[in-house]
Amino acid sequence: ELARGAVLWGWSRIVLRSWPLRRVLGLRFAKALGSGQRGGFGLKPSLSRQELFAVFDNEAAAEALLGGDSVAAYRAHATELCVLKLRATSCRGSWGGQAIGVGAPAEAGLPVASLTRASIRPLHALRFWRRSPTAEAALERADGCLLAMGLGEAPLLRQATFSLWESQAAMDAYARSGAHQQAIRAAVQGGWFSESMFVRFMPLQIRGRWKGRSYG
């Protein structure tokens, strides 16, 4: 979460997109993202909560970013900062034409994370947003959900959801729940998305604070 006097700095990250990271070695692609109000879901944007999602060629490149000036700049401008280092264990689809490379399967019994993102066809945006609040409200209340955030690459039409779970079983139980399952089925059958990506991750490191809760 951005400090009160750092809102303009934060929004400059959104406008500049990946340009501030252009010299980071091993960076495959990066997305500077906004969020819904209070870091949640809905049409009203948050002025202070933002996210940076980055994909690297290898873990060493990720560590270099985490210990470098880019993350230090976020820390200097924030009242809260939560950093997660993840390894993708499955990926379906693409983001901006790029897929995420997948590593070894997740180890049983450990926390898991999920990223769902989509480019929504304008003609289907109203249908998407009619169903989204119910499904996302269920996510924040789901048993075993440790963290959930609504993300946006562009208003209304390029949306994403990130969540962290106690276990694979907890995440699967939510995925099979009524509101979420109905929304996904409607999106697939109706062809609502021009591009989508669904990724599962094994968390390697979590540290910091999000919405008042400490992690790591």
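The preceding data block contains the structure.
All values reported here derive from a predicted model rather than from experimental measurement.

### Concerning the pattern of salt bridges
- For the coordinates displayed, the defined rule picks out ten salt bridges.
- The partner of glutamate 63 in a salt bridge is lysine 85, with the nearest N and O atoms 2.4 Å apart. On the criterion of sequence distance, the pair formed by glutamate 63 in helix H2 (residues 59-66) and lysine 85 in strand S3 (residues 82-93) is long-range, its members being 22 residues apart.
- Among the ionic contacts, a cluster of salt bridges with common partners joins Glu1, Arg49, Glu80 and Arg209.

### Thoughts on the side chain of arginine 13
- Along the chain, arginine 13 falls in helix H1 (residues 7-16).
- Despite being buried, arginine 13 has no salt bridge partner; aspartate 69 is the closest side chain of opposite charge, sitting 11 Å away.
- Within polar-contact distance, the side chain of arginine 13 engages the side chain of serine 12 at 3.2 Å.
- In this structure arginine 13 touches Pro20, Ala32, Gln50 and Tyr74, once residues within four positions along its chain are discounted.

### Details of the packing of aromatic side chains
- Considering all chains together, one arrives at eight aromatic pairs under this definition.
- Taking 5.2 Å as the distance between ring centres and 80° as the angle between the ring planes, the aromatic pair formed by tryptophan 9 and tyrosine 74 counts as edge-to-face. Here tyrosine 74 lies in helix H3 (residues 69-76) and tryptophan 9 lies in helix H1, a separation of 65 residues in the sequence.
- A residue is classified by how much of its surface remains accessible, and tyrosine 74, at 16% relative accessible area, is buried.
- Seen in terms of ring centroids, phenylalanine 128 and tryptophan 129 are 5.2 Å apart; in terms of plane orientation they differ by 90°. Their pairing is edge-to-face.
- In textbook terms, an aromatic cluster arises when at least three aromatic residues are bridged by ring pairs, as seen for Phe29, Phe53, Trp95 and Phe201.

### Section: the nonpolar core
- Core analysis: the largest hydrophobic core is formed by 21 residues, its most contacted members being Phe53, Ile100, Leu115 and Leu147.
- Going through the elements one at a time, strand S1 (27-35), strand S2 (51-56), S3, strand S4 (112-120), strand S5 (145-154), strand S6 (158-165) and strand S7 (193-210) are the ones with two or more residues in this core.
- The element that contributes the greatest number of residues to this core is S7, accounting for four residues.
- Val112, Ala142, Ala148 and Tyr174 belong to the second largest nonpolar core, which has eleven residues in total.

### A look at a nonpolar patch on the surface
- A surface patch of nonpolar side chains, amounting to about 320 Å² of accessible area, comprises Val15, Leu16 and Trp19.
- In this fold, tryptophan 19 is placed in the loop between H1 and S1.
- Exposure remark for tryptophan 19: the relative accessible area of 49% places this residue in the partly exposed category.

### Some thoughts on H2
- Residues of H2 that are buried include every one of Ala61, Ala62, Leu65 and Leu66, and no others. In a view along the axis of H2, the buried residues occupy a sector of 140°, so they form one face of it. For H2, exposure combined with an orientation more than 90 degrees from the buried face picks out Ala60 and Ala64.
- Contacts from the buried residues of H2 go to S2, H3, S3 and S7.
- Between a side-chain oxygen at the N-terminus of H2 and the backbone nitrogen of alanine 60 the separation is 3.3 Å; the capping residue is asparagine 58.

Reading guide: rules and limits
Residues numbered from 1 in each chain as written. Predicted model: local features only at pLDDT ≥ 70, side-chain atom pairs only at ≥ 80, totals over all residues. Heavy atoms only, no water. Salt bridge = Lys/Arg side-chain N within 4 Å of Asp/Glu carboxyl O. Helix = DSSP H or I, 4+ residues; strand = E, 2+ residues; numbered from the N terminus. Buried < 20%, exposed > 50% of the residue type's maximum accessible area, 1.4 Å probe, protein only. Lys, Arg positive; Asp, Glu negative; His and termini not counted. Polar contact = N/O pair within 3.5 Å; in protein donor to acceptor, adjacent residues only side chain to side chain. Contact = heavy atoms within 4.5 Å. Phe/Tyr/Trp six-rings, centres within 6.5 Å; stacked < 30°, edge-to-face > 60°. Core = buried A, V, L, I, M, F, W, Y, C linked by side-chain atoms within 4.5 Å. Patch = residues over 30% accessible without salt bridge, like charges linked within 9 Å, V, L, I, M, F, W, Y side chains within 5 Å. Areas by Shrake-Rupley, 256 points an atom, 1.4 Å probe, with all protein chains shown as cover. Arc of directions from axis to C-beta.

What is shown is where atoms sit, not what they do.
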